[in-house]
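Now for the letters of each chain:
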Amino acid sequence: MGPRILIVEDEENVAYVIGTALRLAGFEIGETSSGRDALRLASEGDPQDLIVLDVQLPDLNGFEVCRRLRFAGVNTPVIFLTAADSVEDRVRGLTIGGDDYLIKPFSVEELVARVNVILHRTGRSAESPVLACGDLELDDTAHVVTQGGQDVPLSPTEYKLLRFLLRNAGRALSRDQILDHVWDYDFDGESTVVETYISMLRKKVDSAPPTLIRTIRGFGYRLDGN
Ligand code: CA
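Residues numbered from 1 in each chain as written. Predicted model: local features only at pLDDT ≥ 70, side-chain atom pairs only at ≥ 80, totals over all residues. Heavy atoms only, no water.

Draft legend 1. Focus on the coordination of the calcium ion. Around the calcium ion, the protein contributes the donor atoms Asp10 (OD), Asp54 (OD) and Gln56 (O), at 2.1 to 2.3 Å from the metal centre. The motif formed by the donor residues of the calcium ion, counted along the single chain, is D-x43-D-x1-Q. Here Asp10, found in the loop between strand E1 (4–8) and helix H1 (12–24), pairs with Gln56, found in the loop between strand E3 (50–54) and helix H3 (62–71); they are 46 residues apart in sequence, far enough to count as distant. For Asp10, a relative accessible area of 32% corresponds to the partly exposed category. Since its relative accessible area comes to 55%, Gln56 is described here as exposed. (Donors = N, O, S within 2.8 Å, 3.2 Å for Na, K, Ca; no water. Helix = DSSP H or I, 4+ residues; strand = E, 2+ residues; numbered from the N terminus. Buried < 20%, exposed > 50% of the residue type's maximum accessible area, 1.4 Å probe, protein only.)

Draft legend 2. Fine view of the packing of aromatic side chains. Evaluated as defined, the whole model comprises four aromatic pairs. For the pair Trp183 and Phe187, a centre-to-centre distance of 6.4 Å together with 45° between the ring planes defines the contact as tilted. Looking at Phe187, the relative accessible area reads 34%, which means it is partly exposed. With centroids separated by 5.5 Å and ring planes inclined at 75°, the aromatic side chains of Trp183 and Tyr197 adopt a geometry described as edge-to-face. Residue Trp183 is located in the loop between helix H7 (175–182) and helix H8 (192–205), and its partner Tyr197 is located in helix H8; the two are separated by 14 residues in the primary sequence. For Trp183, a relative accessible area of 8% translates into the label buried. (Phe/Tyr/Trp six-rings, centres within 6.5 Å; stacked < 30°, edge-to-face > 60°.)

Take a look at the structure:
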């Protein structure tokens, strides 16, 4: 059984995409749309390894849920989901005992990555935050990509795309799958954006043979494993 994650989110579509992505990544998922229910589940139910906690909930807001949990001595790591891109909200979330936060809309790939970093830190996951393939290395704790020991500067989207490919090395990924995981969950642009970014990524990390990123004609891409 994988680590247990409690998702507290009242927006059904968001809860669905998060739940699907985390299950796919091998986690056991519990779900609720209520802050009060979350308090009960996190303090009395089966122990959770991490809580994904929406800030704006209908009954008790996420900050209050976290504050009460910490007050009760429950130290389960918390990742806040916040709609407000305000410094105040971020600071508030972290000072009341949250471990990280994501601003909506976010990419599920980013959420899975943050979850892995925290669980690795707390010793609840074996997955290393360092992903490697050939001479290419991505350290998700330091947020650094190196190739042959040299830093490779990537844009945030290129970084997320590379991380998704590395985590799924050896697996064929369709363009839609890449789009759904790497781009924000409410992105409704063209899927050709995937090709554009793969091409930019290739120029930065895959310009010399042996090449790592394979095109699967009419389907998508695959990063060849070590
Ligand atoms: Ca909400």
